[in-house]
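# Structural overview for review
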Amino acid sequence: MTRAMPEPLVFPNPEPPKPGETIEVRPGVLWARLPLPFRLDHVNIYLIEDGDGFALIDAGIDDAKSRAAWEALLAGPLRGHRLTRIIATHFHPDHVGLAGWLCERFGLKLAMSEAEYLIALNIRLDPQGLRSEPYRGFYRSHGLTEESTELLLGNGLQYLRMVSPPPRTFLRLIADDRLSIGGREFEVMTGAGHSPEQVMLYSKADNLVLIADQVLAKISPNVSVEAMDPEGDPLGAYLRSLERLKSTLPEHVLVLSGHNLPFVGLHARAGELIAHHEARCMAILEACKEGPRTVAELVPVIFGRNIDDPHQLTFAFSEALAHVNILVRGGQLRIAKAAQGLALEAA
């Protein structure tokens, strides 16, 4: 995930919950945080009052610190309450990582969209799948070094280290479904770009939306092209999703996101994100007018700096390619042969 320039938003809770504690953001809606071992060092989870217990939205990564954080929550603010159901918004490890562990521990089913569940399941069944051709050649053809290519090809094995085994069956969430939790009714929404079928939950009565990672207050969600879908257009899907959110949800809705602070100002923030990606596309076009560039060479163009850390470069490369693909689809860039592999030039 990359930095974006935020405009002033309203933050009803300017301080996050402390470890092992929760903050009530609406009556019966609790916000907690779990640690992450990354530069982005936290993920938000939410608990919604559901009869004699709480429905859980997202679960954190599977590591020792997150399990300890869960034990603190269960022994603290959740003491005397049960988990009634678990909803994972998408397949990324910080959201689904401990879902399987919690489902097994409390005898619960896991609710997800079909695409997100099947991706999580597929990685577990075939973690070595990305190590084969044509994936290796795909990354190398766009200018990535051998070291960075091997890191990207090993993402499946890395994923398994952060995610407990998902349940063998799941409860499917579909866009436009109505989901009743306690006395609340939520509309199920889905959005692509950051993840293929990320689930969001909107309560009109409570004027809140659990938006996962689709719109964040201070950072831009990573939007990446995957080797399995090399000509895909996740950025186009993401921008269309942001426009739908602006046209569907009220500006003053309380946005409960997967990272950063909950905020009010959805339309303004969605507009900032759209402008952010449009500016990146323009920077790529200007660079390619000067001469052909590989995708790897375009990374510093859109991030404003060289990225030497191979782990960060894998995300930066995949996001640069997302901007390239939308420009190729729009006829503004074309693919040309380079000395080694492929390059992009202005059409």
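## Considerations on the overall build of the protein
On a plain count of helices and strands, the protein comes out with eleven helices and 17 strands. For 347 residues, the compact-globule formula gives about 20 Å, and the C-alpha radius of gyration of the protein, at 20 Å, lands near that figure. Out of the 347 residues belonging to the protein, those deemed buried represent 55%. Contacts spanning at least 24 positions in sequence make up 66% of the contacts within the protein whose residues lie at least 6 apart.

## Points about the pattern of salt bridges
With the rule as written, the count across this model stands at 13 salt bridges. Between R67 and D62 there is a salt bridge, with the nearest N and O atoms lying 2.8 Å from each other. Overall, D62 belongs to the buried group, its relative accessible area being 14%. A salt bridge links R334 to E345; the nearest nitrogen and oxygen atoms lie 2.8 Å apart.

## A few points about the sheet that holds strand β9 (residues 178-181)
Strand order across the open sheet formed by six strands is β9-β10-β11-β12-β14-β15, with mixed pairing between neighbours. A single partner strand is all that each edge strand has here, and the edge strands are β9 and β15 (263-264). As defined by bridge partners, strand β14 (residues 254-257) adjoins β15 across two bridges and the pair is classed as antiparallel. Each bridged residue has a counterpart across the sheet, and for V255 the counterpart in β15 is F263.

## A look at the sheet that holds strand β5 (residues 53-57)
As summarised here, the arrangement of the seven strands in space is β2-β3-β4-β5-β6-β7-β8, forming an open sheet in which the pairing is mixed. Either end of the sheet is taken by a strand with one partner, and the two such strands are β2 (23-26) and β8 (171-172). The pairing of β2 with strand β3 (residues 29-35) spans three bridges and is antiparallel. Residue E24 lies in a different strand from β3, and its bridge partner there is L30. Across the sheet, helix α3 (residues 99-106) is in contact with β5, β6 (82-87) and β7 (110-112); its angle to β6 comes to roughly 140 degrees.

What counts, and at which threshold
Residues numbered from 1 in each chain as written. Predicted model: local features only at pLDDT ≥ 70, side-chain atom pairs only at ≥ 80, totals over all residues. Heavy atoms only, no water. Helix = DSSP H or I, 4+ residues; strand = E, 2+ residues; numbered from the N terminus. Rg over C-alpha atoms; globule rule 2.2 N^0.38 Å. Buried < 20%, exposed > 50% of the residue type's maximum accessible area, 1.4 Å probe, protein only. Contact = heavy atoms within 4.5 Å. Salt bridge = Lys/Arg side-chain N within 4 Å of Asp/Glu carboxyl O. Pairing = 2+ DSSP bridges. Axes fitted to C-alpha atoms, helices over the stretch in contact; angles between N-to-C directions.

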